Every structure is written in structure tokens, then in C-alpha cells.
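# Structural description and commentary
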Amino acid sequence: MAEHEHHHGHGHDHEHPHRGRWLRHLLTPHSHDSADKVDSELESSREGLRALWISLAGLGITAALQALIVALSGSVALLGDTVHNVADALTAVPLAIAFWLGRRAATRAYTYGFGRAEDLAGVVIVAVIAGSAVVSGYLAVDRLLNPQPMTHIPWVLAAGLIGFAGNEIVARYRITVGRRIGSAALVADGLHARTDGFTSLAVVLAAAGARLGWSWADPVVGLAITVAIVFVLKDAAREVYHRLMDRVDPQLVDQAERELRTIAGIRDVSGLRLRWIGHHLHAEAGIVVDAHLTLLAAHEIAADAEHQLTHHVPRLTGATVHVDPATHPGDTHHPGLSHHRQDRLTTTP
């Protein structure tokens with residue numbers, strides 16, 4: 001049996017592995033010199049950090065403009081939207097810390113590195129979203145019980161449109177980058193910003209209602225914004241929960257298994273597991289080969305399996321492949337083999 005681990009840092013595009021994959025690999029030279037390798041993990045963290053700081057600036061400007069109009073108008077709907085935008089901007093801080101930690105090298109204590117910091121940042125983001133929902137709901141109920149007139153209505157309407165535009169731009173950017181680098185936390189943050197954009201449009205409705213003399217429109221829209229925040233909270237929590245529980249897309253498992261079965265010398269796949277570590281995947285695979293192969297030949301097949309997996313499965317940067325002989329496939333035989341070997345060693349003079 002042979003067991004081997006192999007990591008790749010190639011910057012290949014794996015977003016569409018089924019489209020022109022073989023042509024791309026034939027036409028694109030693959031250098032395996034360590035001096036020519038691209039550290040994809042470091043590069044993706046840099047890209048994530050860049051997305052965070054750019055979106056933080058965009059949301060900061062949006063929230064500042066809205067806060068100025070809140071001070072003039074007294075709109076509780078706009079205040080709730082502004083609070084949520086500020087909270088959304090601040091979620092960049094735990095994510096930035098997570099990306100920074102994720103760039104640190106593995107140690108003897110943290111042998112898989114620090115990629116899991118992103119999952120912890122996702123928990124913080126969910127907590128911030130929940131907190132903004134509570135604040136928004138409280139302000140809306142308070143204004144409903146204690147009505148106050150809205151002033152500077154045209155400015156409130158303009159602030160709603162500004163909030164929508166700013167949040168939608170940030171949402172598209174965060175979601176695009178998050179999906180490209182495989183960061184569930186950044187995607188959740190992008191979904192959060194997208195919902196903020198639609199809640200900003202609700203502020204426009206509040207301004208229109210106030211213009212018609214409906215004093216209840218502003219707090220009612222504030223409550224509607226709270227409901228919208230709760231829905232995005234549910235989606236973001238589910239996304240982060242899946243990552244914490246090591247859930248992967250079953251299609252990725254099927255794709256990895258199909259790839260292994262196409263490799264010459266592999267008779268069967270006895271086991272396959274995938275897990276996220278930060279925004280990268282790691283695989284553990286068991287393959288079955290001819291029992292009469294030499295150790296060197298079995299090792300060669302294992303190395304080929306690792307290499308092909310890291311090239312053809314999106315976001316997969318590392319794989320551990322265990323080789324089983326065809327006479328003893330699967331790990332159910334391991335305890336028996338171990339006991340038999342130990343008995344043989346103790347009885348041999």
C-alpha cells in the first residue's frame with residue numbers, strides 16, 4: 001500500500017472544467033519548476049482582501065451620505081437602512097483578519113493551516129446581521145408607537161436610491177470574487193449587501209408615503225426592512241453552517257470520482273472525501289490497483305491521481321491518496337491486516 005500527499009499552486013481556471021478542458025491543457029504549458037509556480041492560496045487571499053477594502057470604501061461613502069440625510073429628515077426607515085449599511089461595512093474587519101490569518105503557513109500545532117478562520121468570520125458576520133435586524137426592528141416599533149413627521153422628503157428619496165446603487169455594486173463585486181476564490185463568508189457578505197440594496201429601495205416607498213401624508217408609512221417600511229434582513233440572515237446562516245459542517249456540492253464528489261476512474265491503473269475508487277479548508281478544498285481518496293504491482297508502480301499511480309484531481313476539480317489544492325491492492329479493497333480490511341501483521345511479527349523469532 002502507498003500513501004502520498006501532494007499540493008498544487010497552479011493558477012488554472014477551474015470554473016468550467018467541462019468546457020474545453022482538454023484543449024486548454026494541451027495548448028497551455030504547465031511548468032512544475034517551484035520558481036514558476038503561482039501561490040494560488042496567497043493570491044486568492046490578496047484578491048479577497050482587495051474586494052473587502054474596496055467594498056468597505058463604497059459602503060462607507062454610501063452610509064455617510066445616508067447618515068447626513070437621516071440627521072436632516074428624521075426618517076426611521078432611512079435610519080434603519082443606514083445602520084444596516086454601517087454594520088455591513090464593518091463586517092469587512094473580521095473577514096480581513098480571517099484572510100490575513102489564512103495566509104499564514106501551517107505549523108506543527110495547526111497542521112492544516114489557518115483557513116478555518118474564514119468560517120469563524122462567517123459566524124461573526126451572521127451575528128452582525130442578526131444585531132442589525134434587532135436594531136432596525138426596535139427603531140421601527142418605537143417610531144410606530146411615537147410617530148414623528150418626516151422632513152426633506154426629496155432627499156430621503158435620493159438617499160434610498162443612493163443606498164440601492166451602492167449596495168448593489170458592492171454585492172456584485174463581493175459575490176463574484178467570493179465565488180471565484182471559494183470563500184463562503186465573502187459570498188454571504190455579498191448576499192447581505194444585496195439585500196441591503198433592496199431595503200434601500202423600500203426607503204423610497206417610505207418617502208412616497210410620507211409625501212402623501214401617511215405618517216405610518218415610514219415605520220411600517222422600517223418593519224419591512226427588518227423582515228428582509230431576517231431573510232438574508234437565514235440565507236447567510238445556512239451558507240456558513242454548510243461550511244462549518246464540511247458540506248460540499250455532491251456534484252464535486254461525483255466529478256472527482258469520475259476523474260479518478262479515468263486514470264490508467266485504477267480499478268476502483270474505494271472511498272472519497274472532500275472538505276473545505278478556508279476557501280480551498282482538500283481530498284482524501286482510496287483507490288484500488290492490481291495487487292501484483294511494485295511499490296514504485298503503485299506510488300506512481302497515486303501521484304498521477306493526486307495531480308489529476310488538483311487540476312480538474314475546482315478549488316481543490318491538495319489530495320491524500322491511499323492505495324489498496326485489489327485483493328484487499330477498502331479500509332474495512334485494515335484492522336485485520338494490522339492484527340495479522342502484528343501477530344506474525346511477535347511470533348517470528
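Use the structure listed above.
Note that the structure is a prediction, hence the values are computed from the model and not measured. (Residues numbered from 1 in each chain as written. Predicted model: local features only at pLDDT ≥ 70, side-chain atom pairs only at ≥ 80, totals over all residues. Heavy atoms only, no water.)

## Brief notes about the overall build of the protein chain
Test applied: Numbering of helices and strands runs from the N terminus, with a helix taken as a DSSP run of H or I at least four residues long and a strand as a DSSP run of E at least two residues long. Each residue gets one of three labels from its accessible area relative to the maximum for its type: buried under 20%, exposed over 50%, partly exposed in between, using a 1.4 Å probe on protein chains only. Contacts are assigned to residue pairs that have any heavy atoms within 4.5 Å of one another. Method for areas: the Shrake-Rupley scheme with a 1.4 Å probe, in which residue coverage is limited to the protein chains shown.
What the protein chain contains, in helices and strands, is eleven helices and four strands. Taking all 349 residues of the protein chain together, 46% fall into the buried category. If you take every contact in the protein chain between residues at least 6 apart in sequence, the share linking residues at least 24 apart comes to 76%. Accessible surface, the protein chain as shown: approximately 17,900 Å² in total, 63% of it carbon and sulfur.

## Remarks on the packing of helix H6 (residues 153-181) against helix H7 (residues 184-211)
Test applied: Axis geometry follows a simple rule: fit a line to the C-alpha atoms, using only the stretch in contact for helices, then measure angles between N-to-C directions, giving values from 0 to 180 degrees. Just so you know how the angles are binned, under 35 degrees is roughly parallel, over 145 roughly antiparallel, 65 to 115 roughly perpendicular, and the rest oblique. We call a crossing left-handed when the near helix sits turned anticlockwise from the far one by less than a right angle, and right-handed when that turn is clockwise. We call Asp, Glu, Lys and Arg charged. Ala, Val, Leu, Ile, Met, Phe, Trp, Tyr, Cys and Pro are nonpolar, and the rest, Gly among them, are polar.
Taken N-terminus to C-terminus, the directions of H6 and H7 make an angle of 165°; their axes are 7 Å apart at the nearest point. By the angle between their axes, H6 is roughly antiparallel relative to H7. The element H6 and its partner H7 pack so that their crossing is left-handed. Class assignment of the residues belonging to the contact of H6 with H7 gives a composition of 21 nonpolar, seven polar and eight charged.

## Regarding the packing of aromatic side chains
Let me state the cut-off plainly: Put simply, two rings from Phe, Tyr or Trp (the six-membered ring, in Trp's case) pair if the centres are within 6.5 Å, and we call them stacked under 30 degrees between planes, edge-to-face over 60, tilted for the rest. Sitting over a ring, as applied to charges here, requires NZ of Lys or CZ of Arg to be within 6 Å of the ring centre and within 35 degrees of the ring normal.
On inspection of all chains with the given rule, the structure shows one aromatic pair. Across from the ring centre of Phe-114, 4.6 Å away, lies the NZ or CZ of Arg-104, which sits over that ring. Looking at Arg-243, its charged tip hangs above the ring of Trp-276, at a distance of 4.0 Å from the centre.

## Looking at the pattern of salt bridges
To keep things clear, this is the line we draw: Note on definitions: salt bridges are taken to be side-chain nitrogens of Lys or Arg within 4 Å of carboxyl oxygens of Asp or Glu.
What the rule picks out here adds up to ten salt bridges. The partner of Arg-267 in a salt bridge is Asp-290, with the nearest N and O atoms 3.6 Å apart. A residue pair is termed long-range when its members are at least 10 positions apart, and Arg-267 in the loop between helix H9 (250-261) and strand E2 (268-277) and Asp-290 in the loop between strand E3 (280-289) and helix H10 (295-312) qualify at 23 residues. Asp-290 gets classed as partly exposed once you look at its relative accessible area, which sits at 28%. Within the structure, one salt-bridge network assembled from shared partners comprises Arg-116, Asp-119, Asp-246 and Arg-275.

## Points about H7
Stated formally: In a helix, the anticipated span is given by 1.5 Å times the number of residues less one.
Given a rise of 1.5 Å per residue, 28 residues ought to cover 40 Å, and the 41 Å separating the end C-alpha atoms of H7 matches this to within 8%. With 20 of 28 residues buried, H7 is to be regarded as a mostly interior element.

## Focus: the nonpolar core
The following threshold applies: Side-chain atoms within 4.5 Å are what join buried Ala, Val, Leu, Ile, Met, Phe, Trp, Tyr and Cys residues into a set we call a nonpolar core.
Membership of the largest hydrophobic core comes to 36 residues, with the highest contact counts inside it found for Leu-52, Leu-78, Leu-95, Phe-99, Ile-129 and Leu-186. For this core, the secondary-structure elements that each account for two or more residues are helix H2 (40-73), helix H4 (92-102), helix H5 (117-145), H6, H7 and helix H8 (217-244). Apart from the residues within four sequence positions on either side, Leu-78 is in contact with Gln-66, Ile-69, Val-70, Ser-73, Val-156, Ala-159 and Val-203. In this structure, Ala-256, Ala-302, Leu-316 and Val-323 belong to the second largest nonpolar core, which totals 25 residues.

## Things to note about the packing of H4 against H5
Between H4 and H5, the least distance of the axes is 8 Å, while the angle of their chain directions is 175°. Relative to H5, the element H4 lies roughly antiparallel. Residues Pro-94, Leu-95, Ala-98, Phe-99 and Leu-101 of H4 form the contact with H5, whose participating residues are Ala-117, Glu-118, Ala-121, Val-124 and Ile-125. Its residues assigned to classes, the contact of H4 with H5 comprises nine nonpolar, no polar and one charged.

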